[in-house]
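Below, each chain spelled out in residue letters.
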Amino acid sequence: MDEASKQLLTNEQPCIPLQPGRGVREDYHYERRGTQAIFMFVDPIRGWRRVEACDSRTRVDWAEQVRRSLEEDYPDAKRVKWVCDNSNTHAKASLYEAFPAEHARRLAGRLSLVHTPRTGSWLNTAETELSVLSRQCLDARLDTVAKLQSELKAWEDDRNQNHCTVRWRFTTADTRIRLRRLYP
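Right, let's walk through the structure included here.

The rules behind these values
- Residues numbered from 1 in each chain as written.
- Predicted model: local features only at pLDDT ≥ 70, side-chain atom pairs only at ≥ 80, totals over all residues.
- Heavy atoms only, no water.
- Helix = DSSP H or I, 4+ residues; strand = E, 2+ residues; numbered from the N terminus.
- Contact = heavy atoms within 4.5 Å.
- Phe/Tyr/Trp six-rings, centres within 6.5 Å; stacked < 30°, edge-to-face > 60°.
- Buried < 20%, exposed > 50% of the residue type's maximum accessible area, 1.4 Å probe, protein only.
- Lys NZ or Arg CZ within 6 Å of the ring centre and 35° of its normal.
- Core = buried A, V, L, I, M, F, W, Y, C linked by side-chain atoms within 4.5 Å.
- Expected span 1.5 Å × (residues − 1).
- Arc of directions from axis to C-beta.

Remarks on the side chain of arginine 67
Mapped onto the elements, arginine 67 comes out in helix H1 (residues 59–73). Setting aside chain neighbours within four positions, we find arginine 67 in contact with Glu72, Phe99, His103 and Leu107.

Have a look at this one:
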């Protein structure tokens with residue numbers, strides 16, 4: 001899993017529409033309409049992902065995403081392993097801030113967190129998917145939360161229907177070279 005943010009922007013001037021041989025022309029002036037936190041969850045082997053926009057990305061927001069993943073995405077799994085970066089919100093303690101102790105304990109017991117090295121967020125396949133999302137979906141100016149959510153849902157549905165997997169080409173030999181301090 002990984003997170004990103006997206007600014008909501010609107011054009012101050014109307015765009016000049018498409019013309020034969022010419023793309024849409026957009027003025028460089030814009031008005032900021034806030035930001036949204038984007039949570040990305042990827043199951044690279046299955047070719048599945050879930051992407052969601054929220055108003056913030058606090059410990060409680062992260063805990064709610066954990067709950068949703070464990071109770072809705074993987075309700076029958078005994079244990080779910082998440083690879084995530086070293087953000088201060090990515091800890092089982094966040095569950096106890098968001099939920100009653102018994103519920104938090106049940107969720108924490110099913111969750112296995114694997115944190116990437118501080119300079120190794122590129123080891124997280126969700127980061128790769130966020131890059132694809134940014135290039136394919138988020139490079140346009142989106143001015144409302146509803147429009148952002150619509151774009152995210154369309155992108156997620158397309159990627160999931162096509163079972164787009166992540167081909168990881170980083171081998172054990174590469175690991176021993178690039179991460180030799182961690183893996184002698």
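Back to the write-up after that little detour.
Here's the deal with the packing of aromatic side chains
Scanning the model with the defined rule gives 3 aromatic pairs in all. Measuring from centroid to centroid gives 5.3 Å for phenylalanine 41 and tryptophan 82, while their planes differ by 40°, and the two rings are tilted. Of this pair, phenylalanine 41 sits in strand E2 (residues 30–43) while tryptophan 82 sits in strand E4 (residues 80–84); the two residues are 41 residues apart in sequence, bridging distant segments of the chain. On the basis of relative accessible area, tryptophan 82 is assigned to the buried category, the value being 7%. With a centroid separation of 5.9 Å and an interplanar angle of 80°, the aromatic rings of tryptophan 48 and tyrosine 74 are classed as edge-to-face. Placement of tryptophan 48 in strand E3 (residues 48–54) and of tyrosine 74 in the loop between H1 and E4 is noted, with a sequence separation of 26 residues between them. Judged by relative accessible area, which is 16%, tryptophan 48 ranks as buried. The rings of Phe41, Trp62 and Trp82 are connected pair by pair, giving a single aromatic cluster. Against the face of phenylalanine 41 rests arginine 50, its NZ or CZ located 4.4 Å from the ring centre.

Section: the nonpolar core
In terms of nonpolar packing, the biggest core is built from 20 residues, with Met1, Phe39, Trp62, Val66, Trp82 and Leu95 touching the most fellow members. Listed by contribution, the elements that provide at least two residues to this core are E2, E3, H1, E4 and helix H3 (101–110). With 4 residues, the single largest contributor to this core is H1. With near-sequence residues (within four places) excluded, leucine 95 lies in contact with Ala63, Val66, Ala104, Leu107 and Ala108. Listed in part, the 17 residues of the second largest apolar core include Leu8, Leu130, Leu133 and Leu142.

Brief notes about helix H5 (residues 145–161)
An ideal rise of 1.5 Å per residue puts 24 Å on 17 residues; H5 measures up with 24 Å between its terminal C-alpha atoms. Buried residues of H5: Leu148, Leu152, Trp155, Glu156, Arg159 and Asn160, and no others. Along the long axis of H5, the arc covered by the buried residues comes to 125°, so they all point the same way. In H5, the exposed residues that point more than 90 degrees away from the buried face are Ala146 and Gln161.

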